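So you can see what is in the structure, the chains are spelled out below.
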Amino acid sequence: MRGHGRYRAVKCLLVLAALAGAVVLLSVWSICRGSVALDLEDMRQAFSVWSSQTSQDVETIRSDPARQDMVRRIVWDIRLPRVLAAVILGGALSVSGFLLQTFFSNPIAGPFVLGISSGARMAVCLVMLLVLGQGAAVTSAGLVLAAFGGALVSTGLVLLAAVRVKAMSSLVVCGVMLGYICSAVTDFAVTFAEDANIVNLHNWSVGSFSGITWENIRVMGTVVFPAMVLAWVLAKPISAYQMGEAYARSVGVGIRRFRLELILLSSLLSACVTAFAGPVSFVGIAVPHLVKRLMGTAKPLWMIPGCFFGGGAFCLLSDFIARTVFSPRELGISSVTALLGAPVVIGMMLHPKKP
């Protein structure tokens, strides 16, 4: 048994290293590829402008200041914030899905399926239309708070349905219906909004990592990383809860408080994603399932960091496809994640397997 546990730990570490490596490689690839192709030398020079490592670097940059200024703007103002957003938000959405799957003991539970993302989207849309209609600007923190409020309302309605509906399949249907209602309210609001506001909402409403600023990165980092640490701190009670409520109670887990913490964390993570990138589908369902299959375990001590790196890699790949396949036209990120993630969910349902 001890040898088997050591083998499992080594396997999980290798999977984590592979996922982290995939994030790094996809990040470099995403920064280099686009409407303006860059090479590694361009990236090195763009970063050396800020670090001022050697006088030779500075002299090389000054030899072609126009190109180097363009490269610097592309890397620092457009692509790097977008890459960081894909990693942070993709990881947040994946971990949120893992927490919800643990809470509901259902492998297809996720913020998009249960209507939580749709509730957050509706709240953000209404707040944006209200504030933009007054000629004011919406802050990043305001968007996160609005999305969090909408996510909590949707989660509360799903929990109320869970009290009356015992079958998990019926609960998922309730979540889907709630998502449709929230989407309908959002569509009505957009229909009667002013044209200028509709233009501002279009890219966000279909899901996109474009237009991310460094202020957005600071806010999402302030929200996501502490939430990740709290989720990791809860790894032991989550592991006990996976064994059943009776077992969790027997080892001293306060079920009511634990459930509240789980819901608040998952809602906050999915709300942050919706606030900045709009609705992103299937990441919260497909990635935890893939990571669980790769690691061969559902232990949260491994799953939480694995889901973060896996979600980041998945969203980096999806974003790269969305912005390059039909360039200069850009696809909605949710369309690409659905095309990549839906087959995973279908395969999971056709071939269920416990680690």
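Criteria and thresholds
Starting afresh in each chain, residues are numbered from 1 along the sequence in its written order. Where local features are concerned, this predicted model is filtered to residues with pLDDT of at least 70; where side-chain atom pairs are given and counted, the filter is 80 or more; whole-chain, interface and lining totals use all residues. Hydrogens and waters are ignored; side-chain quantities use all the structure's heavy atoms. Runs of H or I in DSSP of at least four residues are treated as helices and runs of E of at least two as strands, each being numbered from the N terminus. The buried label goes to any residue with under 20% of its type's maximum accessible area, the exposed label to any with over 50%, and the partly exposed label to all in between, with areas taken from a 1.4 Å probe on protein chains only. The criterion used for residue contact is that any of the two residues' heavy atoms lie within 4.5 Å. Reported accessibility uses the Shrake-Rupley method at a 1.4 Å probe radius. Residues are deemed covered only where the shown protein chains occlude them. Confidence of the predictor at the level of single residues is captured by pLDDT, which takes values from 0 to 100. The salt bridge definition used is simple: a Lys or Arg side-chain nitrogen within 4 Å of an Asp or Glu carboxyl oxygen. The term nonpolar core refers to a set of buried residues drawn from Ala, Val, Leu, Ile, Met, Phe, Trp, Tyr and Cys, joined through side-chain atoms within 4.5 Å. Aromatic rings from Phe, Tyr and Trp, with only the six-membered ring used for Trp, were paired whenever their centres fell within 6.5 Å, and each pair was classed as stacked if the ring planes differed by under 30 degrees, edge-to-face if by over 60, and tilted otherwise. Ring-over charges, as used throughout, are those where CZ of Arg or NZ of Lys falls within 6 Å of the ring centre and within 35 degrees of the ring normal. Expected helix span is given by 1.5 Å per residue-to-residue step, counting one fewer step than there are residues. Between N or O atoms, a polar contact is any pair within 3.5 Å; within protein, one atom must be a potential hydrogen donor and the other a potential acceptor, and residues adjacent in sequence are included only when both atoms are from side chains. Each patch groups residues whose relative accessible area exceeds 30% and which form no salt bridge, using 9 Å between like charges and 5 Å between nonpolar side chains of Val, Leu, Ile, Met, Phe, Trp and Tyr.

1. Section: the overall build of the chain
Here is step 1 of the chain: Summing up its helical and strand segments, the chain has 15 helices and 0 strands in all.
Here is step 2 of the chain: Per-residue burial for the chain yields a buried fraction of 49% across its 355 residues.
Here is step 3 of the chain: Put simply, 79% of the contacts in the chain that link residues at least 6 apart link residues at least 24 apart.
Here is step 4 of the chain: Put simply, the chain shows about 17,400 Å² of open surface, and 67% of that area lies on carbon and sulfur atoms.

2. Digging into the confidence of the model for the chain
Here is step 1 of the chain: In this model, the chain carries a mean pLDDT of 84, and residues with pLDDT of at least 70 account for 87%.
Here is step 2 of the chain: Ranking the elements of the chain by mean pLDDT puts helix α3 (residues 55-63) last, at 47, and helix α14 (residues 300-324) first, at 95.

3. Details of the pattern of salt bridges
A side chain with one charge may pair with a side chain of the opposite charge, provided their charged atoms come close.
Here is step 1 of the chain: Scanning all chains against the criterion turns up 6 salt bridges.
Here is step 2 of the chain: Across the salt bridge formed by Glu-330 and Arg-82, the nearest N and O atoms sit 2.6 Å from each other. Here Glu-330 is found in the loop between α14 and α15 (333-350), whereas its partner Arg-82 is found in helix α4 (residues 65-104), with 248 residues between them in sequence.
Here is step 3 of the chain: Through salt bridges that share partners, Arg-82, Asp-319, Arg-323 and Glu-330 make up one connected network.

4. With respect to unusual backbone geometry
Negative phi characterises most residues that are not glycine, and trans characterises most peptide bonds.
Here is step 1 of the chain: For Phe-282, which is not glycine, the phi dihedral falls at a positive 70 degrees.
Here is step 2 of the chain: Its location among the elements puts Phe-282 in the loop between α12 (255-277) and α13 (283-295).
Here is step 3 of the chain: Using a relative accessible area of 24% as the deciding quantity, one classes Phe-282 as partly exposed.

5. With respect to the nonpolar core
Here is step 1 of the chain: Counting 96 residues, the largest nonpolar core has Leu-89, Leu-99, Met-220 and Phe-276 as the members making the most contacts within it.
Here is step 2 of the chain: It is α4 that provides the largest number of residues to this core, a total of 19 residues.
Here is step 3 of the chain: Setting aside residues up to four positions removed in sequence, Met-220 forms contacts with Ala-85, Ile-88, Leu-89, Ile-212, Phe-225, Cys-272 and Phe-276.
Here is step 4 of the chain: Core analysis: the next-biggest nonpolar cluster, separate from the first, contains 8 residues, Ile-108, Val-172, Ala-286 and Val-345 among them.

6. Focus on the packing of aromatic side chains
Here is step 1 of the chain: In the structure shown here, the tally under the stated rule is 6 aromatic pairs.
Here is step 2 of the chain: Each ring, one from Phe-103 and one from Phe-104, has its centre 4.9 Å from the other, and the planes form 75 degrees; the classification is edge-to-face. The same class applies to Phe-103 and to Phe-104, which are both buried.
Here is step 3 of the chain: Measuring from ring centre to ring centre gives 5.1 Å for Tyr-241 and Phe-258, while their planes differ by 45 degrees; the resulting arrangement is tilted. Of this pair, Tyr-241 sits in helix α10 (residues 235-242) while Phe-258 sits in helix α12, and the two are 17 residues apart along the sequence.
Here is step 4 of the chain: Residue classification places Tyr-241 among the buried residues on the basis of a relative accessible area of 6%.
Here is step 5 of the chain: Connected via pairs of aromatic rings, a cluster forms that spans Phe-225, Phe-308 and Phe-309.
Here is step 6 of the chain: The ring of Phe-103 has Arg-259 lying over it, and the distance from NZ or CZ to the ring centre is 5.6 Å.

7. Focus on helix α6 (residues 140-164)
Here is step 1 of the chain: With 25 residues, α6 ought to run about 36 Å at 1.5 Å a step, and its terminal C-alpha atoms sit 37 Å apart, in line with that.
Here is step 2 of the chain: Taken residue by residue, α6 has Ser-140, Leu-143, Val-144, Ala-146, Ala-147, Gly-150, Ala-151, Ser-154, Thr-155, Val-158 and Ala-161 as its buried positions.

8. Description of the side chain of Ser-208
Here is step 1 of the chain: Within the element layout of this structure, Ser-208 appears in the loop between α8 (195-205) and α9 (214-233).
Here is step 2 of the chain: What makes Ser-208 buried here is its relative accessible area of 6%.
Here is step 3 of the chain: Within the local environment of Ser-208, its side chain forms a polar contact with the side chain of Ser-210, the two groups lying 2.8 Å apart.

9. Looking at a nonpolar patch on the surface
Here is step 1 of the chain: A surface patch of nonpolar side chains, about 240 Å² in accessible area, is lined by Trp-29, Leu-317 and Leu-340.
Here is step 2 of the chain: Of note, Leu-340 is situated in helix α15.

10. A closer look at the side chain of Arg-323
Here is step 1 of the chain: Looking at the secondary structure, you find Arg-323 in helix α14.
Here is step 2 of the chain: Among the polar contacts made by the side chain of Arg-323, one reaches the main-chain carbonyl oxygen of Ser-30 at a distance of 2.4 Å.
Here is step 3 of the chain: When residues no more than four places from it in sequence are discounted, the contact partners of Arg-323 are Ser-30, Ile-31, Arg-33, Gly-34, Arg-82, Arg-329 and Glu-330.

11. Comments concerning α10
Here is step 1 of the chain: Those residues of α10 that sit buried are Ala-235, Pro-237, Ile-238, Ala-240 and Tyr-241.
Here is step 2 of the chain: Among the residues trailing α10, Gly-244 stands out with phi positive, at a value near 120 degrees.

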